[in-house]
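Structural features, examined
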Amino acid sequence: MDLLVTYDVETVTPRGQRRLRKVAKTCEAYGHRVQQSVFEVVCRETDKVRLVAALQEVIDPAQDTIRIYRLPAHALDDVEHLGKPRLIEPRGALVI
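Residues numbered from 1 in each chain as written. Predicted model: local features only at pLDDT ≥ 70, side-chain atom pairs only at ≥ 80, totals over all residues. Heavy atoms only, no water.

Another aspect to go through is the UniProt feature "binding site: Mg(2+)" (unreviewed entry) in the protein. Look at the UniProt record and you will see "binding site: Mg(2+)" (unreviewed entry) annotated at D8. Inspection of the secondary structure assignment puts D8 in strand β1 (residues 2-8). When sequence neighbours within four positions are dropped, the list of residues in contact with D8 reads Q63, D64 and T65. (UniProt positions renumbered as here; feature names shortened; annotations may be inferred. Helix = DSSP H or I, 4+ residues; strand = E, 2+ residues; numbered from the N terminus. Contact = heavy atoms within 4.5 Å.)

Attention now moves to the sheet that holds strand β4 (residues 65-71). If you trace the four strands from one edge of the open sheet to the other, you get β2-β3-β1-β4, paired in antiparallel fashion. A single partner strand is all that each edge strand has here, and the edge strands are β2 (31-35) and β4. Across this sheet, the average inter-strand angle for adjacent strands is 25°, counted without regard to direction. The pairing of β2 with strand β3 (residues 38-42) spans four bridges and is classified as antiparallel. Note on β3: the bridge partner recorded for Q35 is V38. (Pairing = 2+ DSSP bridges. Axes fitted to C-alpha atoms, helices over the stretch in contact; angles between N-to-C directions.)

What follows is the structure in structure tokens.
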């Protein structure tokens, strides 16, 4: 399945800054960063469940927000891209 993961984590406090780093590291384990707080993820349903659980453990639901968009099958193969070239293909190898 193809997912687009976006997040906005409160970073005014040191605790918020730590949460932001943990959210980013968690997302990096599952997908490729395409913008500051945006990741493209190609995974199985079980991986999505693990990703959601890991993110829920990190965030403060009163201050942070994460959006996970489930895209149509292979939607990430057909992204219109402007600007700097895409360095990593969404179905390419994920190095952790």
